[in-house]
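Each chain, letter by letter, is given below.
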Amino acid sequence: MLGQLRSIVQEVNSARDLQSALDIIVTRVRSALNTQVCSVYLLDSDINSHVLMASQGLKAEAVGRVSLQTGEGLVGLVAKHAEPINLSDASKHPSYFYLQDTGEEEFNSFLGVPIIHHRAVLGVLVIQQRESRRFDEGEEAFLITLSAQLSGVIAHAEATGAIQGLSPSGQKTEDTVFPGVSGSSGVAIGRAVVVFPHADLSQIPQRPAKDIEHEVAFFKTCIDAVRRDMNDLYEKIAGQVAEEERQLFSVYARMLDDNALGNEVVARIRQGIWAQGALAYVANEHVRTFEAMSDDYLRERAVDIRDLCSRVLFYLQAREPVEIEYQDNTILVSEELTPSMLAEAPKDKLKGLISVKGSGNSHVAILARTMGIPTVMGAVDLPYAQLEGRSLVVDGYRGEVITSPSKALRSRYREIIKEQEQLIAGLEGIKEEPCETLDGHRVQLWVNTGLMSDVMQSLDQGAEGIGLFRTEVPFLLSERFPSEQEQYAIYREQLEAFAPKKVTMRTLDIGGDKSLPYFPIEEANPFLGWRGIRVTLDHPEIFMAQIRAMLRASVGLNNLQIMLPMISNVNEVAMAQQLIKKAYRELVQEGVDVRYPPIGVMIELPAAVYQTSVLAKRVDFVSVGSNDLTQYLLAVDRNNPRVASLYSAFHPAVIAALQQVVTLAKAEGKPVSICGEMAGDPGAAVLLIAMGYDVLSMNASTLLKVKSVIRSVSMDVAKDLLEQVADLDDAQTIRSAVDMALYNAGVDRLLRSSRTH
Ligand code: PEP
Ligand code: MG
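Residues numbered from 1 in each chain as written. Chains lettered and ligands numbered in written order. Predicted model: local features only at pLDDT ≥ 70, side-chain atom pairs only at ≥ 80, totals over all residues. Heavy atoms only, no water.

Around the magnesium ion (ligand 2), the protein contributes the donor atoms Glu604 (OE) and Asp628 (OD), which lie 2.0 to 2.3 Å from the metal centre. With Glu604 in the loop between β19 (599-603) and α19 (606-610) and Asp628 in helix α21 (residues 626-634), the pair connects residues that are 24 residues apart, well separated along the chain. Here Glu604 falls in the buried class, since its relative accessible area comes to 2%. What makes Asp628 buried here is its relative accessible area of 3%. (Donors = N, O, S within 2.8 Å, 3.2 Å for Na, K, Ca; no water. Helix = DSSP H or I, 4+ residues; strand = E, 2+ residues; numbered from the N terminus. Buried < 20%, exposed > 50% of the residue type's maximum accessible area, 1.4 Å probe, protein only.)

A few words on the site of ligand 1. Looking at ligand 1, there are 16 residues lining it, with Arg470, Arg506, Gly625, Asn627 and Arg638 nearest. One of the side-chain N or O atoms of Glu604 is found 2.9 Å from an oxygen atom in ligand 1. Between ligand 1 and Ser626, the relevant distance is 3.1 Å, taken from an oxygen atom to a main-chain nitrogen or oxygen of the residue. Within the complex, 100% of the 290 Å² of free accessible area of ligand 1 lies under protein. Put simply, the parts of the chain that give the shell around ligand 1 at least two residues each are β16 (466-470) and α21. Examining the composition of the shell around ligand 1, we find that three residues originate from one element, α21, more than from any other. Considering only residue class, the shell around ligand 1 consists of three nonpolar, five polar and eight charged. (Near = heavy atom within 4 Å. Polar contact = N/O pair within 3.5 Å; in protein donor to acceptor, adjacent residues only side chain to side chain. Areas by Shrake-Rupley, 256 points an atom, 1.4 Å probe, with all protein chains shown as cover. Nonpolar A, V, L, I, M, F, W, Y, C, P; charged D, E, K, R; others polar.)

What follows deals with the packing of aromatic side chains. Within this structure, the stated rule accounts for seven aromatic pairs. Centroid distance Phe314 to Tyr315: 6.0 Å. Interplanar angle 85 degrees. Geometry classified as edge-to-face. By relative accessible area, which is 17% here, Tyr315 ends up buried. Ring pairing ties together the aromatic residues Phe475, Phe481, Tyr518, Phe519 and Trp530, which thus form one cluster. (Phe/Tyr/Trp six-rings, centres within 6.5 Å; stacked < 30°, edge-to-face > 60°.)

Structural remark: α-helix, 3.6 residues per turn; residues separated by three or four positions point the same way. A rise of 1.5 Å per residue sets the reference length of helix α26 (residues 731-744), with its 14 residues, at 20 Å; its end C-alpha atoms lie 20 Å apart and thus fit the reference within 8%. For α26, the set of buried residues is Ala731, Ile734, Arg735, Ala737, Val738, Asp739, Ala741 and Leu742. Those residues of α26 that are buried are in contact with α22 (652-667), α23 (682-691), α24 (700-710) and α25 (715-726). At the exit of α26 stands Gly746, carrying a positive phi of roughly 75 degrees. (Expected span 1.5 Å × (residues − 1). Contact = heavy atoms within 4.5 Å.)

Moving on to the packing of helix α2 (residues 18-33) against helix α4 (residues 137-163). Two elements in contact, α2 and α4, have axes whose closest approach is 11 Å; the angle formed by their N-to-C orientations is 170 degrees. With respect to their mutual orientation, α2 and α4 come out roughly antiparallel. Contacts between α2 and α4 involve Leu18, Leu22, Ile25, Val29, Ala32 and Leu33 from the first element and Glu139, Phe142, Leu143, Leu146, Leu150, Ile154, Ala157 and Glu158 from the second. Within the contact of α2 with α4, the residues separate by chemical class into twelve nonpolar, no polar and two charged. (Axes fitted to C-alpha atoms, helices over the stretch in contact; angles between N-to-C directions. Parallel < 35°, antiparallel > 145°, perpendicular 65-115°, else oblique.)

With five of its five residues buried, β16 lies for the most part within the structure. Sheet topology places strand β15 (residues 444-449) next to β16; three bridges connect them, and they run parallel. Bridging across to β16, Asn448 finds its partner in Leu468. In the classification by handedness, the crossover that spans β15, the intervening helix α13 (residues 452-460) and the parallel β16 is right-handed. In this sheet, strand β17 (residues 503-506) lies alongside β16 in parallel orientation, the contact comprising three bridges. Paired with Ile466 across the strands is Val503, a residue of β17. (Pairing = 2+ DSSP bridges. Right-handed = clockwise from strand over helix to strand, strands pointing away.)

Our focus in this paragraph is the packing of helix α1 (residues 2-13) against α2. Between α1 and α2, whose axes approach to 9 Å, the crossing angle comes to 160 degrees. Classed by the angle they form, the pair α1 and α2 counts as roughly antiparallel. Remark: the crossing between α1 and α2 carries right-handed chirality. Contacts between α1 and α2 pair Gln4, Ser7, Ile8, Glu11 and Val12 from the former with Ala21, Ile24, Ile25, Arg28 and Ala32 from the latter. In the contact of α1 with α2, the residues fall into six nonpolar, two polar and two charged. (Left-handed = near helix turned anticlockwise from the far one by under 90°.)

Once the domains are mapped, the chain shows domain 1 (2-163), domain 2 (176-195 + 325-423), domain 3 (201-319) and domain 4 (441-750). Looking at the side of domain 1 facing domain 2, the largest losses of area belong to Ala159, Ala162 and Ile163, adding up to 65% of the total buried there. Viewed at the interface, domain 2 and domain 1 are joined by zero salt bridges. For the interface between domain 1 and domain 2, the tally reads three residue pairs in polar contact (both at pLDDT 80 or more). Per-element accounting of the side of domain 1 that touches domain 2 gives the leading share, five residues, to α4. In terms of residue class, the side of domain 1 that touches domain 2 is made up of three nonpolar, four polar and no charged. (Domains from an automatic or database assignment. Buried area = accessible area lost by both parts, 1.4 Å probe. Salt bridge = Lys/Arg side-chain N within 4 Å of Asp/Glu carboxyl O.)

Shown next, in the form of structure tokens:
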């Protein structure tokens, strides 16, 4: 059973498009279950119908033509209830609807199971037979298992059609929405530029060739290079492996010959495709064929083809690095955007960002917010590799990507872009104004930084201090641990630029999703593992160099504060303080005129929330890292798009924890700030000031938005809202209550949790 399931899924997975996937399903399922009919009906929401998309057993001419209105017939009933229906005599059921022209009158029994992807019913998989008997439990279970596994493949195939402007049944379609989560607010209209990691055949776009003859010639030189490599390997391993294995390399070399793979690639280039795309196309076709074979040995050959073609690809990419053409309205798309991809693209041409992986609190999303670029993260169903050059809308407010945008939709979004520009221009006017509520309650707005460019932008926006300098950023950009002197120079720059305003430097916070290329940490559960203070206490030499650099950099300025990340117990604080004191004593002995800085802890673990009082007693200030606190309180990986909809700083448990921290820390007389992304959300900021947070530290790009909202509410309104929220029991309701309060305060709609439609 399992073998059969696997082989069907594998074959469907390797199908080229939706229709072939569905044809494989009906053929294979009918024979596996030894029944007379197997059909797939898919929902086409453009025409509100379930269309018979493929069938074995019903009349071929009905396929693609016959459809049922949503809710109609047994198929409609299965879809409506999202549950299987198993009947021995279908025609006796009150919902039975006779489908003319299909020939189904011959078949009595009916088993329909829903095809569900991410809670949405995509369609119904049906088997029928003449004999009037219920399908047995085993058959039902088989069909349910298969349907659950195939739904993702069907969704992907449907999505591929949709971005080409076609609905499942081939109707012209527009404005297809691909949900993700918001990475950075704002909207953008532009054309996709797909960036992909090097030497990965599955991710090469089919771009046109600029010069066909040049591409062919270049491809041939690369093939020659790989052939030479293969022959070298063949010679080199003589005597080291069995002769049959050694032969593999000469087989490889022959596969590249003109009358084999090489020839096919050249033919494709001659059709006008660039060499990398042609190679990827041919390779993937062969890989698909081999992967679909039932013979284990032959299936394994898919690996050989992939390996061989990746080697050719490596030469194609290495000898002629891909020049990405960034158009004026570039929407950068990737399976997993990285900070370096953002860095490579010219900032003035970058209008929007889309990442299939990751979520709103991934570090790349934080970077996007710093740069103020509308971003959608976690658009898991988007067939990104085929988006090259296509027109797209990025709705960073709602966290949605819209493909094939209609004229009407585009003009609606152009209006929003205009509104955005007006809003930003209007915010310029409050740069010099204090951040205070209508009734004069003063709030400090600080910034989070990582690079020197952030500092410049922050000062321009009127930041009153740095609440979080992510010191790991310069570490991430280095090729080894930066030396004490190198660190000194970086820290000095930040401290000098902000003096006499305070600069809070967090000690190295690596691990989790931030690993240094020169210090890899491989763990099964990195967010629960060796992270933040845990790493640096285990490596006092790294910690000491960093603290010494910070202390030396603060000489004469005295605006440094040091903050400890990932604290889960008082011992860690005590040990870190000992090391900081040691560094301080060393410097004093060396004759450096250094002042001992205020030390603070980050509250980012649930354990730390409960220990706020004891932690606060030992330190000079407390700062909440709400990004991690939310992740750990709700047990939702901040990078995992599958659970991104569960990640919300408005969850009542998070709100209660935030309130508890500020109350307990204040009872110890210690200042409390918050430096998670939540502080930069205008609605959340209102709640936070009502709770009593003294300092909100955020991305510079959100500072004026938060200031504008705080200036339009009174403390009474903020406190009323907080009281109201305390009685609400879910994140969505809390978010809506906050939005409503901002609406009543006359706040611009783009500053509320911002609905664009
Ligand atoms: C946080 O966790 O809220 C925080 C500010 O730290 P980071 O996002 O760098 O993990
Ligand atoms: Mg954190």
